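Commentary on secondary and tertiary structure
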Amino acid sequence: MTTNRGQFGSRLGFIFAATGSAVGLGNIWGCPTQAASNGGAAFLLVYLVLAFALAYPVLMAELILGRHTHGNSVAALTGIANRGLTRTIGALTGLFGIVVASLILSFYAIVAGWMLGFTVSYPLNVLGMESAGNWLTEFSTSRNLSLMAIFMVMTVGIIMGGVKEGIERWSTRLMPTLIITLLLLVAYVLTLDGAMTGLKVYLIPDFSKILSSQLILSALGSAFFSLSLGVGTMLVYGSYIADREHLPSIGAQVALIDVGIAVLAGFLILPAMYVAAERGVDIFSASGALLSEDTLIFTVLPELFATLGTAGVVLATAFFFLMSVAALTSSISMLEVPVAFIVERFSWSRRTAALLMGAAIGCMSGLIILNFETLFGAVIALSTRYGQPLLGLLLCVFVGWVWQRNSLLAELEKNDPNVRHGLFWKIWPVYVRFVCPVIIAIIFYRSLA
Ligand code: PHE
């Protein structure tokens with residue numbers, strides 16, 4: 001089965017691809033403002049602890065399962081079950097993951113399209129093509145449809161190239177670009193008036209806030225979304241890792257880079273917001289909380305850029321380019337989930353599978369755009385608030401309870417014969433069996449309530 005599957009060419013290639021999937025819109029527009037409104041560095045500490053104590057074990061479950069079966073998510077989950085009923089549940093869980101990954105992509109592509117539009121609009125305005133520039137940044141069905149379609153074509157194009165020539169090659173180009181752009185933006189913004197106030201708000205810890213259970217739950221939710229867990233993305237990427245690689249340490253590197261970039265993004269976003277405040281831009285909502293998410297990205301920051309003249313144009317272009325890159329390396333990992341399944345299950349060519357799935361998900365995005373008020377928020381909630389935790393739970397149950405311990409151990413021993421005496425094997429299996437399912441179940445219950 002492994003013969004005509006792709007494989008990452010190098011460890012670094014995998015790390016770029018997996019962190020590319022993990023680092024997305026969530027890290028940059030969610031985490032920093034959440035931190036600032038919830039105890040600053042104290043929140044970051046909770047986030048870090050949760051990412052390692054709970055999200056990392058689930059990430060490992062996906063990577064190990066994927067690498068063991070070297071197959072798509074349905075093949076992997078049925079592969080470790082040896083009874084009829086568990087196999088059926090495994091297949092259904094895998095299929096559910098494929099549907100949720102596709103749903104996430106269907107709204108993600110719309111937002112990513114806006115990022116592309118903003119990136120191009122600034123240079124267009126400089127060239128005097130203001131009406132085109134305005135069209136790209138103003139909300140309209142035609143703009144939403146066109147930009148979503150362009151973004152989808154880019155995603156499909158990369159996936160058609162395959163694991164090594166598509167995903168790995170592009171992630172290896174785009175991720176260093178993203179990190180360098182982010183560092184340059186941070187360095188510049190920190191020189192502006194007001195930046196230090198933002199930095200203080202971001203970093204001075206307020207431990208009184210972090211004891212709230214609501215906060216801990218929302219930090220955990222962000223950690224799950226941010227590490228792309230549940231839907232089979234990391235499982236499928238894991239299935240392309242060579243047997244010689246040491247999974248626990250590769251997984252730790254991916255988690256560390258993802259959290260690191262979320263923290264670094266805060267060094268850009270918070271100072272930028274307070275620079276904006278210094279220049280008269282409103283950065284608080286009516287309730288007194290810091291503006292966040294889409295309002296932050298598409299209203300507050302553009303207002304700041306507008307006050308900075310030529311530097312603002314460069315800054316804006318670089319910032320929206322950064323967001324577009326972050327979105328693209330995540331969206332390819334979402335599309336890979338259904339494509340890997342179709343290629344392996346129905347023996348279609350990767351080209352055909354990518355084109356057809358891209359078109360189908362593009363149609364779904366189109367449907368959301370045409371019924372924006374009703375569908376946009378609903379699809380986000382359905383896929384990320386309910387779908388992802390539920391899938392994470394099922395995944396832990398499969399790896400913790402259905403997969404035979406000996407086979408699991410044998411998988412880890414492939415590149416570490418002493419793994420059974422190490423810390424990872426002492427802690428991780430208990431986590432996946434007991435701790436993770438219970439905590440995820442609590443989050444899920446809370447999100448329903
Ligand atoms: N991790 C991505 C982000 O932070 C989102 C994502 C979710 C990607 C699920 C793949 C699968 O934006």
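Now for a quick tour of the structure. Since we're looking at a predicted model, the values are computed, not measured.

What counts as what
Residues numbered from 1 in each chain as written. Predicted model: local features only at pLDDT ≥ 70, side-chain atom pairs only at ≥ 80, totals over all residues. Heavy atoms only, no water. Helix = DSSP H or I, 4+ residues; strand = E, 2+ residues; numbered from the N terminus. Rg over C-alpha atoms; globule rule 2.2 N^0.38 Å. Buried < 20%, exposed > 50% of the residue type's maximum accessible area, 1.4 Å probe, protein only. Contact = heavy atoms within 4.5 Å. Lys, Arg positive; Asp, Glu negative; His and termini not counted. Charge placed at Lys NZ, Arg CZ, Asp CG, Glu CD. Near = heavy atom within 4 Å. Polar contact = N/O pair within 3.5 Å; in protein donor to acceptor, adjacent residues only side chain to side chain. Areas by Shrake-Rupley, 256 points an atom, 1.4 Å probe, with all protein chains shown as cover. 1 Å grid on protein atoms, 1.4 Å probe; cavity = no way out; pocket = protein on both sides within 12 Å on 5 of 7 lines; lining within 4 Å. Sits in = over half its atoms within 2 Å of the grid points. Nonpolar A, V, L, I, M, F, W, Y, C, P; charged D, E, K, R; others polar. Points joined across faces, edges and corners; volume = space filled by probe spheres on them. Salt bridge = Lys/Arg side-chain N within 4 Å of Asp/Glu carboxyl O. Axes fitted to C-alpha atoms, helices over the stretch in contact; angles between N-to-C directions. Parallel < 35°, antiparallel > 145°, perpendicular 65-115°, else oblique. Left-handed = near helix turned anticlockwise from the far one by under 90°. Phe/Tyr/Trp six-rings, centres within 6.5 Å; stacked < 30°, edge-to-face > 60°. Lys NZ or Arg CZ within 6 Å of the ring centre and 35° of its normal.

What follows is about the overall build of the chain. Along the backbone of the chain there are 18 helices and zero strands. For a compact globule of 449 residues, the expected C-alpha radius of gyration is about 22 Å, and the chain comes in at 21 Å, within 12% of that figure. Seen through its C-alpha atoms, the chain measures out along the principal axes to roughly 65 × 50 × 40 Å. Residues counted as buried form 56% of the 449 residues belonging to the chain. Nonlocal contacts in the chain, meaning residues at least 24 apart in sequence, comprise 83% of its contacts between residues at least 6 apart. Here the chain contributes 23 positive and 21 negative side-chain charges, whose respective centroids are spaced 13 Å apart.

Here we take up the site of the ligand. Neighbouring the ligand are 17 residues, the closest being A22, Y108, F225, S226 and S228. Note that a nitrogen atom of the ligand is positioned 2.9 Å from one of the backbone N or O atoms of A22. Between the ligand and F225 there is a distance of 2.9 Å, counted from a nitrogen atom to a backbone nitrogen or oxygen. In isolation the ligand exposes 330 Å². Once the protein is present, 100% of that is buried. Among the cavities detected, the one that contains the ligand is the largest cavity. Those elements giving two or more residues to the shell around the ligand turn out to be α1 (11-22), α2 (25-37), α5 (84-126), α10 (213-226) and α14 (309-346). A class-by-class count of the residues in the shell around the ligand yields seven nonpolar, ten polar and no charged.

Moving on: the layout of surface pockets. Of the voids in this model, the largest pocket is the one considered here, and its volume is about 1400 Å³. S222, E293, I380, T384 and R385 are the residues nearest the centre of the largest pocket, which is lined by 48 residues in total. Those elements giving two or more residues to the lining of the largest pocket turn out to be α2, α5, α10, α13 (293-306), α16 (372-402) and α18 (423-448). At ten residues, α10 tops the list of elements feeding residues into the lining of the largest pocket.

Within the structure shown, the criterion is met by ten salt bridges. For D243, the salt bridge goes to K414, with nearest N and O atoms at 3.5 Å. Within this pair, whereas D243 is found in the loop between α11 (233-238) and α12 (247-278), its partner K414 is found in the loop between α17 (405-413) and α18, the two being separated by 171 residues in sequence. One salt bridge in this structure joins E413 and R420, with 3.1 Å as the shortest N-O distance. Judged by relative accessible area, which is 23%, E413 ranks as partly exposed. The class of R420 is partly exposed, set by a relative accessible area of 44%. Through salt bridges with shared partners, one network takes in R67, D243, E411 and K414.

Right, let's get into the packing of α1 against α12. In the contact formed by α1 and α12, the axes pass within 9 Å of each other and the chain directions differ by 40°. In terms of axis orientation, α1 runs oblique to α12. In this structure, the crossing between α1 and α12 has a hand that is right-handed. Residues R11, F14, I15, A18, T19 and A22 of α1 pack against I250, Q253, V254, I257 and D258 of α12. Across the contact of α1 with α12, the residue classes break down as seven nonpolar, two polar and two charged.

Moving on, we get to the packing of aromatic side chains. Scanning all chains against the criterion turns up 26 aromatic pairs. Judged by centre distance (6.4 Å) and plane angle (85°), the rings of W29 and F298 are edge-to-face. Taken together, the residues span a long stretch of sequence, with W29 in helix α2 and F298 in helix α13 at a distance of 269 residues. Taken individually, W29 and F298 each receive the classification buried, so the pair is uniform in this respect. Taking 5.3 Å as the distance between ring centres and 10° as the angle between the ring planes, the aromatic pair formed by F424 and W428 counts as stacked. Of this pair, F424 and W428 both sit in helix α18, four residues apart, which is roughly one turn of that helix. Clustering of aromatic rings is evident, with ring pairs tying together W29, W114, F118, Y122, F139, F298, F305, F319, F320, F372 and F376. Here the guanidinium or amino end of R173 rests over the ring plane of W170, the centre of that ring lying 4.7 Å away. Lying across the ring of W401, R433 places its NZ or CZ 3.9 Å from the centre.

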